[in-house]
Amino acid sequence: MIPKRIGIIGAGIAGLACATELSKAGHHVTLFDKSRGVGGRMSHRHYEKWGADHGAQYFTAKNPRFIEEAQRWLNAGVIEPWDAKIVSLTDGVISPLEGNTERYVGVPAMTAPAKFLAQELDVKVSTNIIEIRQINDLWRVVSKEEGLLHFSFDFLISAIPSVQASGLVAGYSNELKEVCSRVKMLPCWTLMAYFKNPLPLDFDGAFVNHHLFSWIARDNAKPGRSVYESWVAQASNQWSHENLAFTQFEIEPILVKVFEDLTGQVCDLYQTHLWRYSKLETPSEQNCVSDFSVRLGLCGDWLRNSTVEGAWLSGYFMGRSLIETKEA
Ligand SMILES: Cc1cc2nc3c(=O)[nH]c(=O)nc-3n(C[C@H](O)[C@H](O)[C@H](O)COP(=O)(O)OP(=O)(O)OC[C@H]3O[C@@H](n4cnc5c(N)ncnc54)[C@H](O)[C@@H]3O)c2cc1C
């Protein structure tokens, strides 16, 4: 195998899984992420002594390859099972959930597995890639912060949500542009609510039905968290979509009021966040897509399923497909 120089835009779990496979196979991989840290939507927000996972809440593992990876994360101590009391909440009535789903969370925060993978990789953070260029048959990238960067790549992979990926690759590949355009991603307004005293609610997480919120959870019930009472409440994708045009300052009082009405408790402190591309509308089975004629690839949850497992598998398969192909 001749080692290739491979660039990956996006150091969420998909980009990191892809980079891990390619690095193990001997390729030279560089990742770029616009954020200050890695993990993307597997994220955690600190607020004074409080804090909460405000993106992915927990994950499950069903695919044998991902089960193996989750076991590696367990062995490394970066995830733990979340033995939580999860209920469904419908019009004020609490019902236990059927089934015995094994849920995992990153420890001490949801970012932990991403940080674990990134330790072995070359990641350039705070680097927002705004353009890609083909120069002398190699790929170069342009960042908002520094302009044309000095790296050159034989193959370039986008591991970012479809709308953002389209903006980068559309000028070079109609095939990839078309793949991006087929996908719809849904928004999610999220409230992080912090309390001086524990809430007297007899559950750690609730799927809420017929309501503005679709999920609420006590973040400090997760292993390794701050002891201070911190809740996350995620608005339904439909409500978030209908209220996308409003600003954070307009939405915040609505989310706080509705959370207080639902729980009967007054929030001491709060923050809000809009996930513009929180999840894929319809799961797909593509895993990843490449246009070998221009040496560009796409991966990310949106090519499979908007779960940590789906994103990891998409990145893993992107890496494997490059390792196994004779075309690149
Ligand atoms: C509110 C919410 C709740 C969720 N709940 C769950 C859950 O309970 N269980 C579950 O399994 N999954 C959940 N998910 C889904 C899960 O978080 C995602 O499917 C998964 O993390 C996506 O990983 P990814 O690597 O494909 O994308 P991302 O995590 O979005 O990573 C993409 C990365 O690319 C970076 N980036 C974007 N554009 C650029 C650019 N131009 N230049 C450089 N970097 C760029 C971003 O900063 C980001 O770090 C949830 C998601 C959200 C938003």
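Residues numbered from 1 in each chain as written. Predicted model: local features only at pLDDT ≥ 70, side-chain atom pairs only at ≥ 80, totals over all residues. Heavy atoms only, no water.

Going through the model one piece at a time under the given rule, you end up with 19 salt bridges. Taking the shortest distance from any N to any O, the salt bridge between Glu69 and Arg72 comes out at 3.0 Å. With Glu69 and Arg72 both in helix 2 (residues 64-76) and three residues apart, the pair spans about one turn of that helix. Taking the shortest distance from any N to any O, the salt bridge between Asp219 and Lys222 comes out at 3.5 Å. (Salt bridge = Lys/Arg side-chain N within 4 Å of Asp/Glu carboxyl O. Helix = DSSP H or I, 4+ residues; strand = E, 2+ residues; numbered from the N terminus.)

Counted under the stated rule, the structure contains 22 aromatic pairs. Considering the side-chain rings of Phe59 and Trp73, the 5.9 Å spacing of their centres and the 80° angle between planes classify their relative orientation as edge-to-face. On the criterion of sequence distance, the pair formed by Phe59 in the loop between strand 4 (50-52) and helix 2 and Trp73 in helix 2 is long-range, its members being 14 residues apart. Accessibility expressed as a relative area gives 3% for Phe59, which makes it buried. Here Phe207 and Trp215 contribute two aromatic rings whose centre-to-centre distance is 4.8 Å and whose plane-to-plane angle is 55°, an arrangement assigned as tilted. (Phe/Tyr/Trp six-rings, centres within 6.5 Å; stacked < 30°, edge-to-face > 60°. Buried < 20%, exposed > 50% of the residue type's maximum accessible area, 1.4 Å probe, protein only.)

The subject of this paragraph is the environment of Tyr316. Mapped onto the fold, Tyr316 is located in helix 8 (residues 308-324). Considering only alpha carbons, one finds Tyr316 and Ala17, 299 residues apart in sequence, at a separation of 5.2 Å. Look past the residues within four positions of Tyr316 in its chain and what remains in contact with it is Ala17, Cys18, Glu21 and Arg65. (Contact = heavy atoms within 4.5 Å.)

With that settled, the discussion passes to the domain arrangement of the chain. According to the domain assignment, the chain consists of domain 1 (1-34 + 126-181 + 284-328) and domain 2 (43-112 + 185-281). Of note, the centres of domain 1 and domain 2, computed from C-alpha atoms alone, are 29 Å apart. Taken as a group, Val308, Glu309 and Trp312 account for 42% of the area that domain 1 buries against domain 2, more than any other trio of residues on that side. Viewed at the interface, domain 2 and domain 1 are joined by zero salt bridges. Applying the counting criterion to the domain 1 and domain 2 interface returns four residue pairs in polar contact (both at pLDDT 80 or more). (Domains from an automatic or database assignment. Buried area = accessible area lost by both parts, 1.4 Å probe. Polar contact = N/O pair within 3.5 Å; in protein donor to acceptor, adjacent residues only side chain to side chain.)

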